[in-house]
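Summary of structural features
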Amino acid sequence: MKLDDLSQNLPIRIGTIQIIAFVLLSVLGARLYYLQIVRNEHLRDLAERQRIRLIPIPAPRGAIFDRNGKLLVDSRSTYNIVLSHEPIKTINPADRLEDYAAGLGLDRNYLLERLNVIRTRPEFETMVIKENASQSDIVWVESHQLEFPELQVELQPQRNYPLGKTLSHVLGYVGEISPKQLEKPEFQEKGLRPGDIIGKGGLEQYYDDYLRGKEGYRKVLVDSRGRVQEELEKVPPQAGQDLVTTIDLDLQLAAEEQLEKSVTKRGMIIAMDPNNGEVLAMASAPSFDPNVFVKGSATPEGRKQIAQYYTDEQRPLLNRAIQGRYPPGSTWKIPESVAGLEQGVITVANSNVTCGGGITIGGKFTRCMGSHGAPPLSYAITKSCDGYYYRLGLKMGIDGLIKMIETFGYDKPSGIDLPNEKTPQTPKTFRSTIEKRYGGRWIDIETVYASIGQSTVVVTPISMIRAVASIGVQGKMYVPHFLKEFKEIGAVGDPNDGTYTEAKPAFGFQHPEPRMIPMTPEQNNLVLKGMWGVVNGGGTAGKIRIPGFDIAGKTGTAQVAALGQDKGKNRDHAWFVSFAPAYKPEIAVIGLIENSGFGGDNAAPAVRGVYTAYLAKRQPLPTDSQQPDSKK
């Protein structure tokens, strides 16, 4: 009876099952239609991306050479450990931090930073987590390939600075582009991505577009584990262009040796050709090793060293030659002398001004280091008579001083081809502040101080050598520069398909017209006579005289603290700015030794060391020393 009841319900049950099966098949069919027809193109592209990977081939950066072909910077092949984006979609790599850190000897915080960046990148891209991998690193990755498929070993170029700390401020270094830089339009326009290596300072940064080159890629077929099965296409990279600089490495080494021998081991030396602005040497001390930024950022020791560079009170990352701003002291008297003549405050026929041993302004006596009577201009330069310039400055007035500042370009950067150059600060900068402080007027005592390069005057060494070197070449003030030539780089790829990149031609520095300092030959000769006397006529730098090679120069001793407090770290800065031979200069050299005392005792001997190195490379000295016409 029971069996009969069940058999009576069987057709209903079969019908129900058929309806359910029909609905399920309809849903499945609809889904299949949607996937195969409606979403066909999208899913095909997605599948293609799942099995085809574009592996970037980094372009080697162009090498950097000195003017004589000596290698300063190159790129070398190195094995890097990279983290691939695709495999980490199915894992939480944060759980593997300890494994990565222990296996590869990496800093945990550094790894965490890298993982946060890789998450923002497109699929199948990679990010370097360790450069310059050792054999043990490679073995560790290969032996854990099944466990950690996201880790790979790739051969890539790495920047190398064989000279270490030498020239580091000029050359700069490279590093990974930062998130803040990626937000800036100028970087977005270049198509740069997270993980790209760019110049971070010096010539590496300034000429990054030419040195960086253009990366290529490999189109490969991969399996489900991301392993390469076949190479489908290869687009070769185009290397960056090689840069030939104006640097003379022999002079650079001599300059750095002089700074190392100095009293405080802090300062800078610049050597340049006054006839065209080519910088032959630029040393700044203390210095830093750019290799630390390239090779050490992933290790605890390297990151500690980088942190020390940023926190060191000696400021080793500061390029004192273009970023240091110092009171120029008596070196300021050279452009002031030219301006006094050009403005008619003094003349070639009558350039005498009273010294008086100093000057009294508002009941305050400001001394001169001697009592020189009423000397002519050339004698005032040779003996560095402060009293003369106190009164010359007052005769010129604040407007005359500002006109001088504008004439010699102290109100603008020099235009040198290095990033982050500072602009001098002068009475033009501070005029509104001083006048506001004193009821709308500029006071005479500030003019007195400014006339000898103190108080409201701080300049960069590059601005000072540019200005003073112009005196030796009839008032032509050139833009200082390091670029001599970028070498040609050939085309790569096939011009008949999309793999082609055209050649980049060679080019040199595009010389702008020099700024002309207005002065007559007679005015020029009078200032030159005084500068010649500084070294060769019993002046403040007589101890550095080189027989047969007349140096024209000017010492400077710049106060950084009030009298009585100018000791230890507050001692005066020592300056010496010069060119030689005096009446037909081939080279100009400036030196500054921080907190060392008198310019003639500290900066001038350091500059002489550079001239000695220059003479060792030069033709034999003339038999007769060239003398100024007025002394014959």
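Residues numbered from 1 in each chain as written. Predicted model: local features only at pLDDT ≥ 70, side-chain atom pairs only at ≥ 80, totals over all residues. Heavy atoms only, no water.

**Describing the packing of helix H18 (residues 386–407) against helix H19 (residues 427–437)**
Geometrically, a packed helix pair is captured by the angle between its two axes and the distance between the axes. Contact geometry of H18 with H19 gives a least axis separation of 10 Å together with a crossing angle of 145°. For the pair H18 and H19, contact is made by Ile398, Asp399, Ile402, Ile405 and Glu406 and by Pro427, Lys428 and Arg431, respectively. Tallied by class, the residues present in the contact of H18 with H19 amount to four nonpolar, no polar and four charged. (Axes fitted to C-alpha atoms, helices over the stretch in contact; angles between N-to-C directions. Helix = DSSP H or I, 4+ residues; strand = E, 2+ residues; numbered from the N terminus. Contact = heavy atoms within 4.5 Å. Nonpolar A, V, L, I, M, F, W, Y, C, P; charged D, E, K, R; others polar.)

**Some remarks on the environment of Leu151**
By the secondary structure assignment, Leu151 is in strand E5 (residues 151–160). Spatially, the C-alpha atoms of Leu151 and Val128 are 9.7 Å apart, while their sequence positions differ by 23 residues. Residues within four places of Leu151 in sequence aside, it is in contact with Val82, Leu83, Tyr100, Ile129, Trp140, Val141 and Gln145.

**Observations regarding a nonpolar patch on the surface**
Taken together, the side chains of Ile19, Phe22, Val23 and Val27 make up a nonpolar region of the molecular surface, amounting to roughly 420 Å² of accessible area. Judged by relative accessible area, which is 44%, Val23 ranks as partly exposed. (Patch = residues over 30% accessible without salt bridge, like charges linked within 9 Å, V, L, I, M, F, W, Y side chains within 5 Å. Areas by Shrake-Rupley, 256 points an atom, 1.4 Å probe, with all protein chains shown as cover. Salt bridge = Lys/Arg side-chain N within 4 Å of Asp/Glu carboxyl O. Buried < 20%, exposed > 50% of the residue type's maximum accessible area, 1.4 Å probe, protein only.)

**So, the packing of H18 against helix H20 (residues 444–451)**
Packing of H18 against H20 brings their axes to within 8 Å, and their N-to-C directions diverge by 110°. In terms of axis orientation, H18 runs roughly perpendicular to H20. Only Asp444, Thr447, Val448, Ala450 and Ser451 of H20 make contact with H18, whose side of the interface consists of Tyr389, Tyr390, Gly393, Leu394 and Leu401. For the contact of H18 with H20, the per-class residue count stands at six nonpolar, three polar and one charged. (Parallel < 35°, antiparallel > 145°, perpendicular 65-115°, else oblique.)

**Looking at the nonpolar core**
By size, the foremost hydrophobic cluster in this structure holds 125 residues, and its most contacted members are Met282, Ile471 and Phe576. Counting residues per element, this core draws most heavily on helix H23 (residues 599–617), at nine residues. The residues that make up this core include at least three from each of domain 1 (53–245) and domain 2 (322–490 + 502–631). The residues contacting Ile471, other than those within four sequence positions of it, are Ile334, Val338, Phe408, Met519, Asn524, Val527, Leu528, Met531 and Phe579. By size, the runner-up hydrophobic cluster in this structure holds 16 residues, among which are Leu83, Leu111, Ile129 and Ala133. (Core = buried A, V, L, I, M, F, W, Y, C linked by side-chain atoms within 4.5 Å. Domains from an automatic or database assignment.)

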